[in-house]
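# Structural description and commentary
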Amino acid sequence: MSDGVVSVSDATREQLKRAEEHSAHNYSPLPVVIESGAGAWVKGIDGVDYLDVLAGYSALNFGHAHPALVRVAREQLGRLTLTSRAFQHDRFATFCEDLSRLCRKDAVLPMNTGAEAVETALKLARKWGYDVKGVPPGRAEVITCAGNFHGRTITIVGFSSDPDAYAGFGPYPAGFSSVEYGNAAALEAAITENTVAVLLEPIQGEAGVLVPPPGYLAAVRDICTRRGILMIADEIQSGLGRTGDTFACDHENVTPDVYVLGKALGGGLMPVSAVVADWPVMAVIGPGQHGSTFGGNPLACAVGSAVVDLLETGEYQERSRELGAYLHDMLSQLPPEHVSEVRGRGLWAGVQLADGMPAARTICERLLARRVLAKDAHEGTIRIAPPLVIERDELTWAVEQLADALAE
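First, a word on scope: everything that follows refers to the structure included in this document. (Residues numbered from 1 in each chain as written. Predicted model: local features only at pLDDT ≥ 70, side-chain atom pairs only at ≥ 80, totals over all residues. Heavy atoms only, no water.)

### So, the overall build of the protein
The helix and strand tally for the protein stands at 14 helices and 15 strands. Relative to the globule expectation of 22 Å for 408 residues, the C-alpha radius of gyration of the protein, 21 Å, shows essentially globular dimensions. The dimensions of the protein, computed from C-alpha atoms along their principal axes, are 65 × 50 × 45 Å. When the 408 residues of the protein are sorted by exposure, 53% land in the buried category. Element-wise, carbon and sulfur atoms account for 52% of the exposed surface of the protein, whose accessible area totals about 17,200 Å². Counting 34 positive and 51 negative side-chain charges, the protein places the averaged centre of each group 4 Å from the other. (Helix = DSSP H or I, 4+ residues; strand = E, 2+ residues; numbered from the N terminus. Rg over C-alpha atoms; globule rule 2.2 N^0.38 Å. Buried < 20%, exposed > 50% of the residue type's maximum accessible area, 1.4 Å probe, protein only. Areas by Shrake-Rupley, 256 points an atom, 1.4 Å probe, with all protein chains shown as cover. Lys, Arg positive; Asp, Glu negative; His and termini not counted. Charge placed at Lys NZ, Arg CZ, Asp CG, Glu CD.)

### A word on the layout of surface pockets
Within this model, the largest pocket holds a volume of roughly 1,700 Å³. Y27, L54, Y57, K375 and R383 are the residues nearest the centre of the largest pocket, which is lined by 49 residues in total. Looking at the lining of the largest pocket, its residues break down into 24 nonpolar, 13 polar and 12 charged. Here the lining of the largest pocket gathers at least three residues from each of two domains, domain 1 (9-30 + 43-51 + 313-405) and domain 2 (66-311). Roughly 340 Å³ of volume is contained in the second largest pocket. If you go around the second largest pocket, you meet 17 residues; those closest to its centre are R85, V108, L109, P110 and I285. Secondary structure elements with two or more residues in the lining of the second largest pocket: strand 4 (107-111) and helix 10 (279-282). (1 Å grid on protein atoms, 1.4 Å probe; cavity = no way out; pocket = protein on both sides within 12 Å on 5 of 7 lines; lining within 4 Å. Points joined across faces, edges and corners; volume = space filled by probe spheres on them. Nonpolar A, V, L, I, M, F, W, Y, C, P; charged D, E, K, R; others polar. Domains from an automatic or database assignment.)

### Topic: empty space enclosed by the protein
Taken as a whole and judged by the stated rule, the model has one cavity of 30 Å³ or more. Here the largest cavity is characterised by a volume of approximately 70 Å³. Lining the largest cavity, in full, are V53, L327, L331, L367, V372, I384, L395, A398, V399 and L402. Of all the secondary structure elements, the ones that give two or more residues to the lining of the largest cavity are helix 12 (315-332) and helix 14 (392-407). Counting residues per element, the lining of the largest cavity draws most heavily on helix 14, which supplies four residues. Residues of the lining of the largest cavity, tallied by class, amount to 10 nonpolar, no polar and no charged.

Below is the structure:
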């Protein structure tokens with residue numbers, strides 16, 4: 001892990017040029033092309049090793065090519081990968097049992113991507129509102145939070161407050177309102193007789209790793225219970241060990257009515273997502289009312305069960321708690337003229353740059369030159385979310401590189 005400036009190689013430049021010519025320009029990646037990875041490290045086609053402290057926005061909680069997950073995937077690849085849900089397969093019941101147990105819920109509705117899972121949760125909430133709560137047809141309302149990021153579908157970007165996400169894609173479906181994140185009083189004031197659910201992230205990731213005030217999640221839980229609406233927790237980024245508990249809601253001993261899961265549920269090997277709830281909610285969806293060709297496929301179920309096995313040891317939650325405390329202690333010591341605030345929980349941090357500092361993208365480019373892969377969240381925040389398998393000395397080195405990049 002020696003220092004050194006990494007220049008863009010000819011091979012990397014050629015790959016980037018080809019991608020620019022033949023792929024949609026919906027991303028602006030850092031100038032690096034990765035060919036392999038193991039644990040917290042990846043190797044570029046330039047032959048350089050890089051420390052990954054983004055972990056696929058928490059999709060790689062268990063690192064690149066975790067041996068237990070790769071072993072399960074390889075075995076399943078040779079047996080059966082897809083049946084569609086028109087038929088049952090031998091990994092499905094086990095996966096649903098495993099994930100239900102982890103979530104302390106009754107039932108699982110598996111999908112593929114995080115956005116699909118959010119859309120599924122919204123459909124579930126509306127159906128519950130009509131069938132159970134008695135909301136008039138076509139009148140169901142869902143409360144969301146400003147600063148949210150729940151995906152990229154038309155419905156979801158319609159209640160985003162980020163112009164990059166929503167501008168130019170309307171018109172949008174009705175039935176959604178937005179309140180200030182972290183303000184329980186504003187949330188309760190927004191509830192009407194037609195409100196069926198509140199959808200929120202226990203920690204807002206894309207907004208810059210924003211942690212709500214202490215007691216907020218518990219207050220939301222109380223409001224939802226008293227007012228007869230569902231609490232839907234989007235734990236796609238915050239869940240499955242990232243914050244030092246299995247779920248971010250666990251830090252306030254809160255159990256939502258509906259969990260929305262994804263990213264790390266696929267072990268970094270493939271897209272796997274799910275909505276998890278108890279039967280009084282889940283039972284409103286019947287045959288033909290929702291589905292997915294690939295949702296709950298044998299390969300996804302095999303990998304998902306293996307992920308649950310890893311989490312049930314408690315090892316990864318403990319690593320996130322202990323190493324996260326160490327990470328936040330180191331980050332808090334960065335000079336105030338460089339960093340104005342450090343937010344987050346566990347192995348997840350938003351490093352807010354002080355006024356007058358270069359854009360976060362610039363700092364990430366400087367980190368790339370120091371062999372550390374990180375990502376900006378808007379202009380002023382650097383996201384740090386390494387795989388939970390990262391070692392203490394690797395974290396130390398990463399923060400040292402960040403300090404150098406900030407001082408450059």
